[in-house]
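So you can see what is in the structure, the chains are spelled out below.
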Amino acid sequence: MTVAHDPAPSTPRSFRDPAGTLIEHHGRILRVVYPQAAADLESFLETAAAREGMESGKLVRSVRIPASEFPEGSADYVVEHERIPFASYPYEWPPEMLHAAGELTIELARRALADGFGLKDATPYNVLFRGSEPVFVDVLSFERRDPLDASWMPYAQFVRTFLLPLLAARHFGMPLDRVLAGARDGLEPETVYRWAGAFQRLRPPFLNLVSIPTWLKGRESAAMYRPQPSSSAEKAQFVLEGLLKNCARHLKALAPPVSDSTWSGYLDHKSLYSAEQLAQKEGFVAEALALARPHTVLDVGANEGHFSSLAAKQGASVVAIDSDPAVVGSIWRRAKREHADILPLVVDLTRPTPAIGWRNQECAAFLDRARGRFDMVVMLAVLHHVLVTERIPIQQVLELASELTREYVLIEFVAPDDPMFRRIVRGREGLYSHMTQAWFEAAAAERFDPVRTKRIDGLNRWLYLFRRRGAPNS
Amino acid sequence: MTSTSPLPVRIAKTLLICLPLLLATPSKAHAYADPGTGAFVYQAAYAAFLGGTYYFRRFLDRLWGKRK
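No experiment lies behind these values; they were computed from the predicted model shown. (Residues numbered from 1 in each chain as written. Chains lettered and ligands numbered in written order. Predicted model: local features only at pLDDT ≥ 70, side-chain atom pairs only at ≥ 80, totals over all residues.)

**Student:** Outline the overall build of chain A, supporting the account with residue identities and numerical values.
**Tutor:** The secondary structure content of chain A amounts to 18 helices and 15 strands. For chain A, the C-alpha radius of gyration of 25 Å lies close to 23 Å, the compact-globule estimate for 474 residues. The principal-axis extent of the C-alpha atoms belonging to chain A is close to 80 × 65 × 40 Å. Residues counted as buried form 45% of the 474 residues belonging to chain A. (Helix = DSSP H or I, 4+ residues; strand = E, 2+ residues; numbered from the N terminus. Rg over C-alpha atoms; globule rule 2.2 N^0.38 Å. Buried ≥ 20, exposed ≤ 12 C-beta atoms within 10 Å, placed from the backbone.)

Laid out in structure tokens, this is it:
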């Protein structure tokens, strides 16, 4: 197969879909549609729902390409999709993004219903994010529906993969990766039932989403899975509309609350930098961005996303990662509000998302998706956490940074006498006293050439803009 | 359909939909129960309930809307 080797292989997981398969062909995203599904897809793409979706960017732009362009022979119907720059998976999203993906799913399902098409599966893997905007990418999930059919089969899947994880996040503070990384098809009501208290089980949303499905378990008959035609198309449409509206209501009730207490990590900025010092840091970052002019930026330990915003304003596409879901959620809210090209993800650089799925090949590891994809990697106020709390050797951190970036690294070095450094050291100063500025510069010199340096006045913190040795001259 | 009716009303409405089903069908608790079937049954029950309200709505429409 003449598929160009790509560092981030996309979706061999489309092997499950009976209607087609997704292929990456020389950097293009192509979907080969099997003959029995081609007619449905063709009609779907011509509906008003699909056109509106593609125009607004909510549905991935898809265009049929002549089979001759795709030389693999037997493919009759091939569609090319708009390429989403950075793939991300539901277990990397903060609850706000899972919620947005759920809203998009229901919105498109309702819109398509009016045009005679139904959604045959409702899972967050149908959605990717373009910056902060959710995009529905699995066009084969739409199928022509029997007008008399009043059932929405994917309801249970929607509950398991969207509603229950959001419920667990909201009511038990459970991070999404704990729920979604281990199970492809989400959280079972029976599992949540065991976690819930006796009175909790009787109240909405638990009553509808958790308790009743648990009590009803085992009472189904094979007959229930057979399509049961309604007496009229109008009635069927009414029922389906009602079902989807019910899902929308549940989603609304499970929207992640705006938390004001996103102060995990804020201490670094709010208490440690005076206004003047923060301005200096911002000035340096702005200068570095102007010099480097990166198209793509990876902001590691992005915290509130302040510097991601700066980069986005300068015209870069930003992926912002942090290990705290609350903070990543607030980056997303802000990016959504400002229409900024920032994709915030819950990823800990010292323990990044592994490759997951069948043969560990369905969902690529974060590092595999990120390697060589960014013109600049930003690591502000995070290095000392990596060196001290995670005890990663400095050479390894810098090696990873040089793998991830194509050219520049913007890094903040924090010396051992800095108050935050002292706090995280927890009394074991002896282990880290050698981490002086000279030591850091020597380690960096193995791989990087310094371009700009600045000490923040009054703090034991230095900012560096490095250029990777061996980077092509821009 | 309001989304903000008081809590006891919401609980009562939900149980009204599902109690008949709970009482009418035997529990196959000792047989292999496919996980996730419970939610599917709930969906089927809710769809049936909505089907009922459809006729009621149509009746009301005829009374008020279509007549006028």
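**Student:** Tell me about the sheet that holds strand S4 (residues 77-81) of chain A, residues and numbers included.
**Tutor:** All names here are of chain A. One open sheet accounts for four strands, arranged S1-S2-S4-S3; its pairing is antiparallel. This sheet does not close on itself; its edge strands, each paired only once, are strand S1 (20-25) and strand S3 (62-65). Direction aside, the axes of adjacent strands within the sheet are offset by 30° on average. Pairing of S1 with strand S2 (residues 28-33), which is carried by six bridges, proceeds in the antiparallel orientation. The residue bridging Gly 20 from the neighbouring strand is Val 33, located in S2. On top of the sheet, helix H1 (residues 35-46) reaches S1, S2, S3 and S4; it is set at about 125° to S2, its chief contact. (Pairing = 2+ DSSP bridges. Axes fitted to C-alpha atoms, helices over the stretch in contact; angles between N-to-C directions. Contact = placed C-beta atoms within 7 Å.)

**Student:** Outline the sheet that holds strand S15 (residues 461-468) of chain A, supporting the account with residue identities and numerical values.
**Tutor:** Residues and elements named next belong to chain A. A sheet is described by the order of its strands in space; here seven strands give the open sequence S11-S10-S9-S12-S13-S15-S14, paired in mixed fashion. Of all the strands in the sheet, the pair left with one neighbour each is strand S11 (342-346) and strand S14 (448-455). On average, adjacent strands in this sheet sit at an angle of 15° to one another, irrespective of strand direction. Of the strand pairs in this sheet, strand S13 (residues 405-414) and S15 are connected by seven bridges, and their pairing is antiparallel. Within S15, the position partnered with Tyr 408 by the bridge is Arg 467. Along the sheet, helix H12 (residues 325-338) contacts strand S10 (317-322) and S11; its crossing angle with S11, the most-contacted strand, is approximately 165°.

**Student:** Please provide a residue-by-residue account of the pairing of S13 of chain A, values included.
**Tutor:** All names here are of chain A. Within S13, eight of the ten residues are buried, which leaves it mostly tucked inside the rest of the structure. Note: strand S12 (residues 374-379) against S13, five bridges, orientation parallel. Paired with Met 376 across the strands is Tyr 408, a residue of S13.

**Student:** Kindly report on the environment of Val 258 of chain A, identifying the contributing residues and their values.
**Tutor:** With respect to the helices and strands, Val 258 of chain A occurs in the loop between helix H8 (233-253) and helix H9 (266-270). Along the backbone, Val 258 of chain A and Ser 330 of chain A are 72 residues apart, and their C-alpha atoms lie at a distance of 7.9 Å.

**Student:** Give me the lowdown on the nonpolar core, citing residues and values where you can.
**Tutor:** All names here are of chain A. Core analysis: the largest hydrophobic core is formed by 150 residues, its most contacted members being Leu 163, Leu 243, Val 377 and Val 378. Broken down by element, this core gets its largest block of residues, eleven residues, from helix H4 (residues 155-172). If we ignore the near neighbours within four places in the chain, the residues touching Val 377 are Leu 298, Val 300, Ala 401, Leu 404, Thr 405 and Val 409. (Core = buried A, V, L, I, M, F, W, Y, C linked by C-beta atoms within 7 Å.)

**Student:** Summarise helix H10 (residues 275-292) of chain A; cite the residues concerned and give the values.
**Tutor:** All names here are of chain A. An ideal rise of 1.5 Å per residue puts 26 Å on 18 residues; H10 measures up with 26 Å between its terminal C-alpha atoms. Taken as a whole, H10 has its buried residues at Gln 280, Lys 281, Phe 284, Val 285, Ala 288, Leu 289 and Ala 292. Those residues of H10 hidden inside the fold are in contact with helix H11 (306-313), S12, S13, S14 and S15. Phi for Arg 293, located one or two positions after H10, is positive at around 45°. (Expected span 1.5 Å × (residues − 1).)

**Student:** I'd like a description of the domain arrangement of chain A, backed by residues and values.
**Tutor:** For chain A, the domain assignment lists domain 1 (12-81), domain 2 (94-253) and domain 3 (266-468). Relative to domain 3 of chain A, the C-alpha centre of domain 1 of chain A lies at a distance of 38 Å. (Domains from an automatic or database assignment.)

**Student:** So what's going on with the packing of helix H3 (residues 95-114) of chain A against H12 of chain A? Residues and values would help.
**Tutor:** Residue and element names in this part refer to chain A. At a closest axis distance of 7 Å, the pairing of H3 and H12 adopts a crossing angle of 50°. Between H3 and H12, the angle is such that the two are oblique. Mapping the contact onto sequence places Pro 95, Glu 96 and Met 97 in H3 and Pro 325, Gly 329, Trp 332 and Arg 333 in H12. Looking at the contact of H3 with H12, its residues break down into four nonpolar, one polar and two charged. (Parallel < 35°, antiparallel > 145°, perpendicular 65-115°, else oblique. Nonpolar A, V, L, I, M, F, W, Y, C, P; charged D, E, K, R; others polar.)

**Student:** Now, about unusual backbone geometry: what can you tell me, with residues and values included?
**Tutor:** Residue and element names in this part refer to chain A. Each neighbour pair has its own omega, and for Pro 204 with Pro 205 the value is 0°, a cis peptide bond. Residue placement: Pro 205 occurs in the loop between helix H6 (189-195) and helix H7 (206-215). At Asn 303, a position not held by glycine, the phi torsion is positive, near 55°. If you trace the backbone, Asn 303 turns up in the loop between strand S9 (296-300) and H11. Residue classification places Asn 303 among the buried residues on the basis of 24 C-beta atoms within 10 Å.

**Student:** Summarise the confidence of the model for chain A; cite the residues concerned and give the values.
**Tutor:** Chain-level pLDDT for chain A is 90 on average; 92% of the residues reach the 70-or-more range. Scored below 50 in pLDDT, residues 1-11 of chain A shows 20 contacts in the model against residues more than four places distant or in partner chains. (pLDDT = per-residue confidence, 0-100.)

**Student:** Hey, could you go over H11 of chain A for me, with residue numbers and the actual values?
**Tutor:** Residues and elements named next belong to chain A. Buried within H11 are the following residues: Phe 307, Ser 308, Ser 309, Ala 311 and Ala 312. Contacts from the buried residues of H11 go to H10, S9, S10, H12, S11 and S12. With its phi angle positive at about 100°, Gly 315 sits one or two positions after the end of H11.

**Student:** Tell me about the packing of helix H15 (residues 394-404) of chain A against helix H18 (residues 437-445) of chain A, residues and numbers included.
**Tutor:** Residue and element names in this part refer to chain A. At a closest axis distance of 10 Å, the pairing of H15 and H18 adopts a crossing angle of 45°. Of the possible angle classes, the one that applies to H15 and H18 is oblique. Here the hand of the crossing between H15 and H18 comes out right-handed. Taking contact as the criterion, the partners of Ile 394, Gln 395 and Leu 398 in H15 are, on H18, Phe 440, Ala 443 and Ala 444. Along the lines of polarity and charge, the residues of the contact of H15 with H18 split into five nonpolar, one polar and no charged. (Left-handed = near helix turned anticlockwise from the far one by under 90°.)

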